[in-house]
Amino acid sequence: GFIGEYVVLTEAYDKAGNRDFTTIPITLVDPAPAISTPQVDRQYSATDPVTVTADLTRPGAVNVEVINILGSVVSVLESGLQLGPGTYSTAWDLLTDMGSPAQDGVYRFRVVFQDDITGLDSTHLSPTVTVDNTLPAMTILKPLDGSTITSATAVEATIAEVNLSPGILMGCPT
């Protein structure tokens, strides 16, 4: 392509033969965003910080916010942080700007990059992160509490959990 340093030359002539020209230097840059789509290091968390990472190809200022599913800002992690090209990352401690733990729910990192070269702003959203501090609610229906079992028996239970993960039912001697 044509990316690089150039000089624009303009000339004007009139009918009498008078001529004037002027030049200005310009820089053509790649129009692609100068930041990659932000990525997170985990999709679910109860207590561990979540790290967001993005690659920058040009210098600029970065704003990083944590937003909830409605788009409301929960925490501002960076505001106007000036960075050069390279990999950038920051961690969210799962706290709101008020210092309280984030409620259970779905969140995203919103990264706004202000390109120093093009002067353009671009906004990028990370994949979702689910904060889940609620323990699964489990009730064993069969066998009944205190039962004596003399042969193989089915175990029945109910589990109430929005983010249930596949698991293994284990018995252990008392």
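(A) Focus on the pairing of strand β10 (residues 121-125). The two faces of β10 differ: S122 and H124 on one face are buried, but D121, T123 and L125 on the other face are not. One ladder, built from five bridges, connects strand β9 (residues 105-115) with β10; its direction is antiparallel. Bridge pairing in β10 links F113 to S122. Between β9 and β10, which follow one another and run antiparallel, lie five residues, and G119 among them has a positive phi close to 80°.

(B) Representation of the sheet that holds strand β3 (residues 39-40) in the model. If you walk across this open sheet you meet the three strands as β3-β5-β8, and the pairing is antiparallel. Here the strands that pair on one side only, and so sit at the sheet edges, are β3 and β8 (86-92). Across seven bridges, the pairing between strand β5 (residues 50-56) and β8 is antiparallel. In the sheet register, T51 faces β8, and the bridge partner there is A91.

(C) Representation of the side chain of T96 within the structure. Relative to the helices and strands, T96 is located in the loop between β8 and β9. The contacts of T96, once residues within four sequence positions are left out, are V74, S75, P101 and A102.

(D) Seen up close, unusual backbone geometry. Backbone torsion omega between K142 and P143 reads -5°, so that peptide bond is classified as cis. Positionally, P143 belongs in the loop between β12 (137-142) and β13 (156-160). With a phi angle near 65°, L94 is a residue other than glycine that sits in the positive phi range. Among the structural elements, L94 can be located in the loop between β8 and β9.

(E) Quick look at the side chain of S45. If you trace the backbone, S45 turns up in strand β4 (residues 44-45). Dropping the residues within four chain positions of it, S45 is found in contact with V50, L94, T130, V131 and D132.

(F) Quick peek at the confidence of the model for the protein. A residue-level look at the protein finds 91% of positions with pLDDT of 70 or above and a mean pLDDT of 86. β4 is the least confidently modelled element of the protein, averaging 80 in pLDDT, while strand β7 (residues 73-83) averages 96, the highest of any element.

(G) The arrangement of the nonpolar core in detail. V62, V64, W92, Y107 and F109 are the most contacted members of the largest nonpolar core, which totals 21 residues. Beyond its immediate stretch of four places on either side in the chain, Y107 contacts V66, I67, N68, V74, W92, A102, P127, T128, V129 and V131.

What counts and how
Residue positions are given per chain, counted from 1 along the sequence in the order it is written. In keeping with the model being predicted, local features are shown solely for residues with a pLDDT of at least 70 and side-chain atom pairs are shown and tallied solely at 80 or more, while totals for entire chains, interfaces and linings include all residues. Excluding hydrogens and water, the side-chain figures rest on all heavy atoms present in the structure. Three labels apply to residues, based on accessible area from a 1.4 Å probe with only protein chains included: buried if under 20% of the type maximum, exposed if over 50%, partly exposed otherwise in between. For the purposes of this entry, the term helix denotes a DSSP run of H or I that reaches at least four residues, the term strand denotes a run of E that reaches at least two, and both are numbered from the N terminus. For two strands to pair, DSSP has to find at least two bridges joining them. Contacts are assigned to residue pairs that have any heavy atoms within 4.5 Å of one another. As a per-residue quantity, pLDDT reports the predictor's confidence and falls between 0 and 100. Nine residue types can take part in a nonpolar core, namely buried Ala, Val, Leu, Ile, Met, Phe, Trp, Tyr and Cys, and a core is a set of them joined through side-chain atoms within 4.5 Å.

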